Amino acid sequence: MPVELRPLGVVCNIGCHYCYQNPQREAGNHTQKYQLPAMKATIEAERTSFTLFGGEALMVPEADLEELWAWGWEKYKKNGLQTNGVLINENHIRMFKQYHVSIGMSIDGPGELNDVRWAGTLEKTREATQKTEAAIRRLCREKIYPSLIVTLHRGNAGAGKIDRLTAWLEEMDALGIRTVRLHILEVDHPVVRELYSLTIEENIAVFLHFAKVQKRLRSIKFDVFQDIRNLLAGRDDKATCIWTGCDPYTTSAVRGVEGNGQRSNCGRTNKEGVDFVKADSPGFERYLALYHTPQESGGCQGCRYFLMCKGQCPGTAIDADWRNRSEHCLVWKALFEHFEKEMREEGKDEPLPDDLRGELEALFIKTWLEGRTTKMAALLPALRKPATAAVN
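None of the values given here were measured: they were computed from a predicted structure. (Residues numbered from 1 in each chain as written. Predicted model: local features only at pLDDT ≥ 70, side-chain atom pairs only at ≥ 80, totals over all residues. Heavy atoms only, no water.)

A. View of the packing of aromatic side chains. Applying the stated rule across the entire model yields 16 aromatic pairs. Note on Tyr-291 and Phe-306: the rings are 5.4 Å apart at their centroids and 50° apart in plane angle, and the pair reads as tilted. Taken together, the residues span a long stretch of sequence, with Tyr-291 in helix 11 (residues 285-292) and Phe-306 in helix 12 (residues 306-309) at a distance of 15 residues. Judged by its relative accessible area of 24%, Tyr-291 falls in the partly exposed class. Of the aromatic side chains, those joined through ring pairs into one cluster are Phe-207, Phe-210, Phe-222, Phe-225, Trp-243, Tyr-305, Trp-332, Phe-336 and Phe-339. If you follow Lys-77 out to its NZ or CZ, it ends over the ring of Trp-73, 5.1 Å from the centre. (Phe/Tyr/Trp six-rings, centres within 6.5 Å; stacked < 30°, edge-to-face > 60°. Helix = DSSP H or I, 4+ residues; strand = E, 2+ residues; numbered from the N terminus. Buried < 20%, exposed > 50% of the residue type's maximum accessible area, 1.4 Å probe, protein only. Lys NZ or Arg CZ within 6 Å of the ring centre and 35° of its normal.)

B. Inspection of the pairing of strand 7 (residues 147-152) at higher detail. As paired elements, strand 5 (residues 101-106) and strand 7 share three bridges and run parallel to each other. Counterpart to Ser-106 in the pairing with strand 7 is Ile-149. Here five bridges tie strand 7 to strand 8 (residues 179-184), and the two strands are oriented parallel to one another. What sits directly across from Thr-151, in strand 8, is His-183. (Pairing = 2+ DSSP bridges.)

C. Focus on the nonpolar core. Trp-69, Phe-96, Phe-207, Phe-210, Trp-243 and Phe-336 are the most contacted members of the largest nonpolar core, which has 94 residues in total. The element that contributes the greatest number of residues to this core is helix 13 (residues 329-346), accounting for seven residues. Once you skip the residues sitting within four places of it in the chain, Trp-243 turns out to touch Val-224, Asp-227, Ile-228, Leu-231, Met-308, Cys-309, Lys-310, Gln-312, Trp-332 and Phe-336. Ranked by size, the runner-up nonpolar core spans six residues in total, among them Val-116, Leu-185, Val-187 and Tyr-196. (Core = buried A, V, L, I, M, F, W, Y, C linked by side-chain atoms within 4.5 Å. Contact = heavy atoms within 4.5 Å.)

D. Layout of helix 3 (residues 62-76). Look at helix 3: 20 Å from first C-alpha to last across 15 residues, which is about the 21 Å you get at 1.5 Å a residue. Residues of helix 3 that are buried include every one of Asp-64, Leu-65, Leu-68, Trp-69, Trp-71, Gly-72 and Tyr-76, and no others. All buried residues of helix 3 fall inside an arc of 160° around its axis, so they share one side. Opposite the buried face of helix 3, at more than 90 degrees from it, the exposed residues are Ala-63 and Glu-74. (Expected span 1.5 Å × (residues − 1). Arc of directions from axis to C-beta.)

E. Geometry of helix 5 (residues 122-141). Taking 1.5 Å of rise per residue, 20 residues should cover 28 Å, and helix 5 covers 29 Å from first to last C-alpha, within 8% of that figure. Taken as a whole, helix 5 has its buried residues at Thr-125, Ala-128, Thr-129, Thr-132, Glu-133, Ala-135, Ile-136, Arg-138, Leu-139 and Cys-140. Buried residues along helix 5 sit in contact with helix 4 (90-98), strand 5, strand 6 (117-118), strand 7 and helix 7 (162-175). Among the residues trailing helix 5, Lys-143 stands out with phi positive, at a value near 65°.

F. Highlighting the packing of helix 11 against helix 14 (residues 354-369). Between helix 11 and helix 14, the least distance of the axes is 9 Å, while the angle of their chain directions is 140°. As the angle between them shows, helix 11 and helix 14 are arranged oblique. Regarding helix 11 and helix 14, the two cross each other, and that crossing is left-handed. Within the contact between the two elements, helix 11 uses Tyr-287, Leu-288 and Tyr-291 and helix 14 uses Glu-361, Ile-365, Trp-368 and Leu-369. (Axes fitted to C-alpha atoms, helices over the stretch in contact; angles between N-to-C directions. Parallel < 35°, antiparallel > 145°, perpendicular 65-115°, else oblique. Left-handed = near helix turned anticlockwise from the far one by under 90°.)

G. Quick look at the confidence of the model for the protein. For the protein, mean pLDDT is 92; residues scoring 70 or higher make up 97% of the total. Counting interchain partners and residues more than four positions distant, the pLDDT-below-50 stretch residues 387-392 has zero contacts. (pLDDT = per-residue confidence, 0-100.)

H. A look at the packing of helix 10 (residues 223-232) against helix 13. The contact between helix 10 and helix 13 brings their axes to 10 Å, and the two run at 65°. Here helix 10 lies roughly perpendicular to helix 13, going by the angle between them. Between helix 10 and helix 13 the crossing geometry is right-handed. Here helix 10 contributes Val-224, Phe-225, Ile-228, Arg-229, Leu-231 and Leu-232 to the contact with helix 13, which in turn contributes Trp-332, Leu-335, Phe-336, Phe-339, Glu-340, Glu-342, Met-343 and Glu-346.

Now the structure itself:
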């Protein structure tokens, strides 16, 4: 996976009320200076392409953006950007085209559905949202189709809101948008939970609603649903980072590079504003513990979807304690059950049978105990190979 390059750390032009980076800002852990040579040297050591990330990456001066993207295109033949889209201008679009920049954009819907992504006042927030919406349409006219990240909360998926969000996503589908990531709200503060978090039942209902919507869309794929189908079939090599079972102190699925060239972890695991230095090697204690710990005690013992989910992202763990499974466990379990049933009914893409799941679990536990990890996709060919007949 590409490196997340964060020249300005978590500095941003807006102030989303629910942002998982807010604890870092509140603790004063944000950077405003960067060194291009130091960042390039660390990226070269990582031996992979990079995605510009923030905060808001487009707050970097345009001359430095061009230097980074020109270097990225020359060296890796690809570039990436994650943005809220508010600052996109014609020069940015020129660079996107010239240096083949793939765009990811965060927006929770049109108008008032995006109000939680706060810009200081309601007037400024609505103005920022209009700029983001205009940027999406402009990019699509240029055949630069951004992927979208939509976080689900009371402001866009609560009572009376879901129809508007659905209609907007249908508009995005008509524009040619191809990928949308539906995020469950990550809660790092009790006020965020009280004001914005959907209940377990509401989250399940919203996801199942969009599972139905998916069937009538022309181009948009909700990648979380494809993730779940791939995982159920053992194709974990095709799933996104939240299912990979990463160590919160190494987050191997997400490798960050800060403005001073320091290697860093996924910001979703930086609880209480602490920016942990990236450990030299990963550990798998979380997953060994989850496998053996009863579900009533925060573990995953006996869950038939353990290898698919692995307790999900440590950034969403119960009580913000990475040793526990995700607090969204019941939502994910409901979705695994839904898609497992659907796959069996379709008869095209069979989920893994129970006997193979047991064999895979034993192999994963053995591998983790050895300080390594593996994937179902790597193990399945040998397990599925017919036994060779004994030679007489």
